[in-house]
Structures are given as structure tokens and as C-alpha cells.
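Structural features, examined
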Amino acid sequence: MIKTDVVVVGAGPVGLFAVHQLGIIGLKAEVIDNLDKIGGQCIELYPDKPIYDIPAIPECTGESLTKSLLEQIKPFKANFHLNERVQEVSKEKSDWKIVTSKNKIFVSPNIIIAGGVGSFEPRKFLIKGVEKFENKSIFYSVKNKNNFKNKKVCIFGGGDSALDWAIELSKFSEVTLIHRRNEFRGAEHSATVAKKLHKEGKLKIKTPFQINSIDGEKTLDAITIKSEDGKIEKIKTDFVLGFFGLIMKLGPIADWGLNLEKKTIPVNTENFQTNKKGIFAIGDICSYPGKLKLILSGFHEGALAARACFKIARPNETYRFEYTTTSKSMQERLGVKKSD
Ligand SMILES: Cc1cc2nc3c(=O)[nH]c(=O)nc-3n(C[C@H](O)[C@H](O)[C@H](O)COP(=O)(O)OP(=O)(O)OC[C@H]3O[C@@H](n4cnc5c(N)ncnc54)[C@H](O)[C@@H]3O)c2cc1C
């Protein structure tokens, strides 16, 4: 069981900056995200795209913004729990009990939900019997490429992930890339490389084909694929990887007894608290009159929610407003040289 001052649900830009605002006033945060990486939409949806409206940063990308935010919160040593969805939230005396999909338990007087548009989930194969092989022989992401070394691997999809992994894994495995269209959606350069490898006999490409069935009792044995004109082919394989993009689901957040309005959480604009004391919502997931779904709005929301968390986590202390420029305690927490 992990005890902390604040559990932050979501490691998108807004959750990250909330860690900063909590850290400078002396509160410890644990951050949980369903994704395998930090950065939320910025990393998952537009890592290379330029952003032009972050205050005082004329231009940055989704990736560089995430890096800078991580750099800025380094002094606070927040723990990140990735690949874990927050499933349950329940009251435990004066605290909240938070349970993740990996059954990790957190106890905290405060929760800041910075869940964006909900948790990102991979789009899955829609065929019978797929669940029993999931995370054993059928995967929707690659955590460690060595698990697929010297094996037969079928990769489905036409985007960047499918192309990139087909190219990468074909260096040491027998890879078949299968896509339902003849044209790939991913980067032109990657599609060209994949086709070149195909010509050289280093990568098999099957288009336009879709998955038809999965064969195997305890372990995966083979799959069949079907072409547009009904032709069926059987492929012996050890692993199947599906890269069909992500869907965003509000997911378990909807079951925590919070008021909801069109898949967002209404909050008051004084401290961004929800209808439950000690549960705050900031960033894209919160709603209030005039809400702008912009990163800069989420930063402001996090600053106010953090101060409200202080009052709940330290009921016997008085919160004092201070500037980082002049506050010795804030500078100590930041680990920077004290100013005179
Ligand atoms: C293409 C594109 C371009 C954009 N350009 C700009 C721009 O130029 N300027 C700008 O200001 N904004 C821009 N935005 C919007 C901006 O990305 C969002 O406002 C911002 O990402 C919101 O941050 P967030 O931290 O609230 O949520 P997100 O970035 O959505 O992060 C939320 C995180 O919470 C996690 N999560 C959700 N539920 C759970 C759960 N139950 N358990 C664990 N984890 C969970 C998710 O996995 C996700 O990682 C753009 C968005 C897109 C899609």
C-alpha cells in the first residue's frame, strides 16, 4: 500500500505540471497512467507537431514539451506508475483508496484527476477467441522487442507503428505484415523501406487481407487471413501484433460517483474540486463555464487545485502564498541556489 499526499491520475502535460505545483508547496505526488509512456495526448497523438501557444515558449513539439515538463519536476522525485489504469476509488475514513488495474493500492487524502479525454486503449481484433491469447501471443504494443526474437510474427495494420515494427522485427524474426488495403497510411519512407525488404525476401507483405480466425488450443498455432475476394490463407505463427490505433474511453472514471456532464467532470473554478471533497479534476477532463481545452488552462487549474490539496493534506498548517523568486522553502524544494 502506498501512502501519499496526492494521487495524480494521468501523466499528460496537465498532470505533470500539477506535480510541480504540488512539489513547490511541499506535497508528495504519485502519478498513475494507463499508457506505457509519459506525456498524454502530446506524446501519443502529436509528438512531432509544433505547439505555438505555451506561454513564453514560442514553439515546441509535443515531445519537447513533455521533456521540459519532466525536467521541471525532477526535483520532486514523483513516482510514475505506468501501464496501470486507475480502476476503483472509494472512501477510506478521511482518505481515498485508489486501486489500479494491477491491484496496486494507494491511500491519499487528495486525488487530482488529469485524465484528459479518458484512458487511451488499443483498438483490438474483433474475432472469436482472441481474449484467451491476449498478452501471451497476441499483443497491441511492444514492450520488449527481444520477446519476439527468432520467432514467426504476424503484424496487422497500415500505420506507422505497424510499418516501424515490421521493419525492426524483420531484422531478426520471420515477419509477415498484413493490411486490409494495398496502400499504407504510415510515413512514405517507412512504406518504401518495407516494400524494399519484401522484394529482397526479408519481409512478407500480404495486402489486402484481414484476420479471419485464430487457431490453437492452449498456445497460438496459426491464423487464417481473408482477402477482399474471399480467398483464405493459413499462416503458422508464434505471435500476432495488432496496430489499429487507439480509442479514448472515459473508462472507470465514470464509476467513481462523480457528477459527469458530456463525459467531462464539472468543477468549481475556485479550486477545481469536483462534487467529492478531496477529488479535483483539471485539464481536458474538467468542465466549467468558459472552459478552454488548452494546455495553458490546465496549468492554471493545477496551480489552484494544488493549493486546495495542501489545506486537506496539512489541516494543521496554514498555507502561505509565496513566489518562487523569493521563497527560500520553495527554492530548497527545487534544489536551486537560494536567492538573497
Ligand atoms: C492533434 C492535437 C493538437 C493539439 N494542439 C494543441 C496546441 O497547439 N495547444 C494546446 O494548448 N493544446 C493542444 N492540444 C490539446 C492538448 O493536447 C490537450 O489540451 C492536453 O493534452 C490536455 O492535457 P491533459 O493532461 O488534461 O490530458 P491528456 O494529455 O489527455 O492526458 C491524460 C492522461 O490520462 C490518462 N488516463 C485517463 N484515465 C486514466 C485512468 N483511469 N487511469 C490511468 N490513466 C488514465 C491517459 O492515458 C492520458 O495519458 C492538441 C490536441 C491534439 C489532439
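Attention here is on the structure that accompanies the text. (Residues numbered from 1 in each chain as written. Predicted model: local features only at pLDDT ≥ 70, side-chain atom pairs only at ≥ 80, totals over all residues. Heavy atoms only, no water.)

Along its length, the protein carries seven helices and 23 strands. Taken along its principal axes, the extent of the C-alpha atoms in the protein is 70 × 45 × 35 Å. Here the protein, with 340 residues, has 50% of them falling under the buried criterion. For the protein, the share of sequence-separated contacts (at least 6 apart) that also reach a separation of at least 24 residues comes to 57%. In the structure as shown, the protein presents an accessible area of about 18000 Å², 50% of it carried by carbon and sulfur atoms. When the 53 positive and 40 negative side-chain charges of the protein are each reduced to one mean point, those points stand 3 Å apart. (Helix = DSSP H or I, 4+ residues; strand = E, 2+ residues; numbered from the N terminus. Buried < 20%, exposed > 50% of the residue type's maximum accessible area, 1.4 Å probe, protein only. Contact = heavy atoms within 4.5 Å. Areas by Shrake-Rupley, 256 points an atom, 1.4 Å probe, with all protein chains shown as cover. Lys, Arg positive; Asp, Glu negative; His and termini not counted. Charge placed at Lys NZ, Arg CZ, Asp CG, Glu CD.)

A separate point is the nonpolar core. The biggest cluster of nonpolar side chains holds 60 residues, and the ones touching the most others in it are L22, I98, I112 and I113. Element by element, the count of residues in this core is highest for helix α6 (residues 295-313), at eight residues. Setting aside its immediate chain neighbours within four residues, I98 contacts V7, I32, V86, E88, V89, K104, I105, F106, S108 and I111. Core analysis: the next-biggest nonpolar cluster, separate from the first, contains 22 residues, V142, F148, V153 and L163 among them. (Core = buried A, V, L, I, M, F, W, Y, C linked by side-chain atoms within 4.5 Å.)

Before going further, it helps to spend a moment on the sheet that holds strand β2 (residues 6-9). Read from one edge to the other, the open sheet built from five strands follows the order β6-β3-β2-β10-β22, with strand pairing classed as parallel. Pairing within the sheet leaves two strands with one partner each, and these edge strands are β6 (79-81) and β22 (279-281). Strand-to-strand twist across the sheet, computed as the mean angle between neighbouring axes with direction ignored, equals 20°. Of the pairings in the sheet, the one linking strand β3 (residues 29-32) to β6 comprises three bridges and is parallel in character. From the neighbouring strand, E30 faces β6, where its bridge partner is N79. Contacts from α6 reach β2, β10 (110-113) and β22, with the element oriented near 165° to β10. (Pairing = 2+ DSSP bridges. Axes fitted to C-alpha atoms, helices over the stretch in contact; angles between N-to-C directions.)

Let's shift gears to the environment of N144. Turning to its location among the elements, N144 is positioned in the loop between β12 (138-139) and β13 (152-156). For N144, a relative accessible area of 34% corresponds to the partly exposed category. Between the C-alpha atom of N144 and that of L22, which follows or precedes it by 122 residues, the distance is 34 Å. Among the polar contacts listed, one links the side chain of N144 to the backbone nitrogen of N146, at a separation of 3.0 Å. (Polar contact = N/O pair within 3.5 Å; in protein donor to acceptor, adjacent residues only side chain to side chain.)

Attention now moves to unusual backbone geometry. Most of the time, phi is negative for any residue but glycine, and the peptide bond is trans. The residue after T207, namely P208, is reached through a cis peptide bond having omega -15°. Within the secondary structure, P208 is located in the loop between β15 (204-206) and β16 (209-215). Unusually for a residue other than glycine, N150 sits at a positive phi of about 55°. The backbone of F272 sits at a positive phi, close to 65°, despite the residue not being glycine.

Let us look at the packing of aromatic side chains. In this description, an aromatic ring pair is defined by two values, namely the gap between the centres and the angle between the planes. Going through the model one piece at a time under the given rule, you end up with 10 aromatic pairs. Summarising the aromatic geometry, the rings of F272 and Y288 are spaced 5.5 Å apart at their centres and angled 70° between planes, so their arrangement reads as edge-to-face. Note that F272 is positioned in the loop between β21 (265-266) and β22 and Y288 in the loop between β23 (286-287) and α6, a separation of 16 residues in sequence. Counting every residue linked through ring pairs, the aromatic cluster contains F125, Y140, F156 and F244. The ring of W96 carries the charged tip of K91 above its face, separated from the ring centre by 4.2 Å. (Phe/Tyr/Trp six-rings, centres within 6.5 Å; stacked < 30°, edge-to-face > 60°. Lys NZ or Arg CZ within 6 Å of the ring centre and 35° of its normal.)

This part covers the site of the ligand. Near the ligand, the surroundings consist of 32 residues, among which D33, Q41, Y46, V86 and D284 are the closest. At a separation of 3.1 Å, a nitrogen atom of the ligand approaches a polar backbone atom of N34. Considering the ligand on its own, with 1000 Å² of exposed area, one finds that the protein chains cover 86% of that surface. At three residues, helix α1 (residues 13-24) tops the list of elements feeding residues into the shell around the ligand. A per-class count over the shell around the ligand returns 15 nonpolar, 11 polar and six charged. (Near = heavy atom within 4 Å. Nonpolar A, V, L, I, M, F, W, Y, C, P; charged D, E, K, R; others polar.)

What follows deals with the packing of α1 against helix α3 (residues 62-73). Close contact between α1 and α3 brings their axes to 9 Å; oriented N to C, the two are set at 20°. One way to sum up the angle between α1 and α3 is to call them roughly parallel. Here the hand of the crossing between α1 and α3 comes out left-handed. Facing P13, L16, F17, V19 and H20 of α1, the residues of α3 in contact are L65, T66, L69, L70, Q72 and I73. Grouping the amino acids of the contact of α1 with α3 by side-chain chemistry returns eight nonpolar, three polar and no charged. (Parallel < 35°, antiparallel > 145°, perpendicular 65-115°, else oblique. Left-handed = near helix turned anticlockwise from the far one by under 90°.)

This next bit is on helix α5 (residues 188-199). Counted at 1.5 Å a residue, the expected span for α5 with its 12 residues is 16 Å, and the 17 Å between its end C-alpha atoms agrees. Restricting attention to buried positions, one finds in α5 the residues S190, A191, A194 and L197. The buried side chains of α5 occupy one side of the element, clustering within an arc of 125° when seen end-on. Facing away from the buried side of α5 by over 90 degrees, the exposed positions are E188, H189, K196 and K199. Buried-residue contacts for α5 involve α4 (160-169) and β15. Where α5 terminates, the next one or two residues include G201, which has phi positive at roughly 80°. (Expected span 1.5 Å × (residues − 1). Arc of directions from axis to C-beta.)

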